[in-house]
Amino acid sequence: MTAASPLAADAPEIILAPFSPAHLTGALRLSREAGWPHRAVDWELTLSVSQGVVALQGDEVVGTALCSLFGEVATINMIIVDARMRGRGLGRRLMQAVLEIGGTRELRLTATADGLPLYEKLGFEATGEVFQHQGIAKAAAPELPVQLVAGADASDLAAMDRAASGMDRAALIAAITERGELLRAERGFAILREFGRGRVLGPVVAQDAETARALIATGATRCAGQFLRVDLTDAVLAPHAEALGLAHAGGGTAMKKAARAAAETDFTTYALASQALG
């Protein structure tokens, strides 16, 4: 006699519950099975600035969804459904739960091709593309001076980030600055930190593409011979990333729901902190 399938009629009902740190082990299993590079500490960082839900079948985590709250904007992320549970409407249930958490905020997400149809049905509209580049980084001289800065004022960085992104992410910027290395140019900054298979450079916030290229080149130089990832928001920087050993490795569609008019600013986000957090 074979063991009962988890999809058998007598399997426990799938319920949604608030996402707590106790669910991180189950969430990590799901992201690994989905081929995502996240480590436990990457999940912990995202959860620290988020609220969310898990889908539970008995004590097993079979789905996750987070909503990261950044002032008048929220990012929807870490939407994962166990492969055994797909096709049963669980993804929509998870999304509806975190949309309620987001409330009347502008909602943003980065969509995979598989998730795009559902997000469109839920009222999200495409606003751009995210270009994921990664590989073994190569050293290169930056076009402009860039300094490695210790003990910087995180509030100053958060103000630049807010001007570029429209998100109030002071807690996030402080957390990743503390965990990583701050690269500072006259007209922008970038943060280099451990993530996934190696390190990630982001956000990259600058007043012009020249400064962004200098920050990316400096980040690659500091990671020369090591794995580095950067999630670009503008394909114009793709040749620069590729010259630094960071090949195009996919990406996603940037989407918004209940979008608000963007304030005029001199700053641009040239690379995301992460696809989950914007």
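Only a predicted model underlies this, so the values are computations on that prediction, with no experimental measurement involved.

Asker: Mind showing me how you'd approach the packing of helix α1 (residues 24-33) against helix α2 (residues 40-48) here?
Answerer: Any two packed helices are characterised by the angle at which their axes cross and by the distance between the axes. Between α1 and α2, the shortest axis-to-axis distance is 10 Å and the interhelical angle comes to 115°. Once α1 is placed against α2, the crossing between them reads as right-handed. Residues Leu-24, Ala-27, Leu-28 and Ser-31 of α1 touch α2, and the partners they reach there are Ala-40, Trp-43, Glu-44 and Leu-47. When its residues are assigned to classes, the contact of α1 with α2 shows 6 nonpolar, 1 polar and 1 charged.

Asker: How should the nonpolar core be read in this particular structure?
Answerer: A general tendency of soluble globular proteins is for nonpolar side chains to be buried together. By size, the foremost hydrophobic cluster in this structure holds 31 residues, and its most contacted members are Phe-19, Trp-43, Leu-172 and Phe-189. Put simply, the parts of the chain that give this core at least two residues each are α1, α2, β2 (50-57), β3 (60-70), β4 (73-81), α5 (154-165), α6 (170-179) and β9 (188-195). Broken down by element, the residue count for this core peaks at 4 residues, all from α1. Leaving out residues up to four positions away in the same chain, Phe-189 has contacts with Leu-157, Met-160, Asp-161, Leu-182, Leu-183, Arg-184, Pro-203, Val-204, Val-205 and Leu-215.

Asker: What am I meant to see in α2 here?
Answerer: Along an α-helix, residues three or four positions apart point the same way, because every turn accommodates 3.6 residues. Residues of α2 that are buried include every one of Asp-42, Trp-43, Leu-45, Thr-46 and Leu-47, and no others. Buried residues along α2 sit against α1, β2, β3, β4, α6 and β9.

Asker: Where do I start with the confidence of the model for the protein chain in this structure?
Answerer: Low pLDDT marks regions whose predicted coordinates should not be analysed in detail. In this model, the protein chain carries an average pLDDT of 95, and 96% of its residues clear a pLDDT of 70 or more. Contacts for the low-pLDDT stretch residues 1-9, under 50 throughout, to residues beyond four places or in other chains number 6 contacts.

Asker: Looking at this structure, I do not really get the packing of aromatic side chains. What am I missing?
Answerer: Both the distance between ring centres and the angle between the ring planes are used here to describe each pair of aromatic rings. According to the stated counting rule, one finds 2 aromatic pairs in the structure shown. Pairing Tyr-119 with Phe-124 gives two aromatic rings, centres 6.3 Å apart and planes at 65°, and the pair type is edge-to-face. For Tyr-119, a relative accessible area of 10% translates into the label buried. The side chain of Arg-169 reaches across the aromatic face of Phe-70, ending 5.9 Å from its centre.

Asker: What should I look at first to understand the packing of α5 against α6 in this one?
Answerer: Two elements in contact, α5 and α6, have axes separated by 9 Å at closest approach and are oriented at 125°. When the axis of α5 is compared with that of α6, the two are oblique. Where α5 crosses over α6, the two elements pack in a sense that is right-handed. Between α5 and α6, the residues in contact are Ala-154, Leu-157, Ala-158 and Asp-161 and Ala-170, Ile-173, Ala-174 and Thr-177, respectively. Of the residues contributing to the contact of α5 with α6, the split by class is 6 nonpolar, 1 polar and 1 charged.

Asker: Help me out: how do you make sense of unusual backbone geometry in this one?
Answerer: Trans is the prevailing form of peptide bonds, just as negative phi is the prevailing case for residues other than glycine. A cis amide bond links Gly-202 with the next residue in sequence, Pro-203, at an omega value of 0°. For Pro-203, the location among the structural elements is in strand β10 (residues 198-206). Residue Met-78 is not a glycine yet carries a positive backbone phi of 55°. With respect to the element layout, Met-78 can be found in strand β4. For Ala-258, which is not a glycine, the phi torsion comes out positive at approximately 55°. Among the structural elements, Ala-258 can be located in the loop between β12 (247-257) and β13 (268-271).

Definitions and limits used
Note on numbering: residues in each chain are counted from 1, in written sequence order. Thresholds applied to this predicted model are a pLDDT of at least 70 for local features of residues and 80 or more for the giving and counting of side-chain atom pairs; totals over whole chains, interfaces and linings are not thresholded and use all residues. As a rule here, side-chain values come from all non-hydrogen atoms in the structure, and water together with hydrogens is ignored. Here an angle of 0 to 180 degrees is reported between the N-to-C directions of two axes, which are lines fitted to C-alpha atoms, with helices fitted over the stretch in contact. Put simply, DSSP H or I for four residues or longer makes a helix, DSSP E for two residues or longer makes a strand, and each gets a number counted from the N terminus. Here a crossing is taken to be left-handed if its near helix is turned anticlockwise relative to the far helix by less than a right angle, and right-handed if that turn runs clockwise. By definition in these notes, contact holds between two residues if any of their heavy atoms fall within 4.5 Å. Note that Gly is not counted as nonpolar here; it falls among the polar residues with everything else outside the nonpolar set of Ala, Val, Leu, Ile, Met, Phe, Trp, Tyr, Cys and Pro and the charged set of Asp, Glu, Lys and Arg. Among the buried residues, those of types Ala, Val, Leu, Ile, Met, Phe, Trp, Tyr and Cys that are joined through side-chain atoms within 4.5 Å form a nonpolar core. Between buried and exposed lies partly exposed: a residue is buried under 20% and exposed over 50% of the maximum accessible area for its type, with that area taken using a 1.4 Å probe on protein chains only. The quantity known as pLDDT measures the predictor's confidence residue by residue, on a range of 0 to 100. Pairing of aromatic rings covers Phe, Tyr and Trp, the last counted by its six-membered ring, and requires centre-to-centre distances within 6.5 Å; plane angles under 30 degrees mean stacked, over 60 mean edge-to-face, and any other angle means tilted. Only when the NZ of Lys or the CZ of Arg is both within 6 Å of the ring centre and within 35 degrees of the ring normal is a charge said to sit over the ring. Should an angle fall under 35 degrees it is taken as roughly parallel, and over 145 as roughly antiparallel, whereas 65 to 115 is taken as roughly perpendicular and any remaining angle as oblique.

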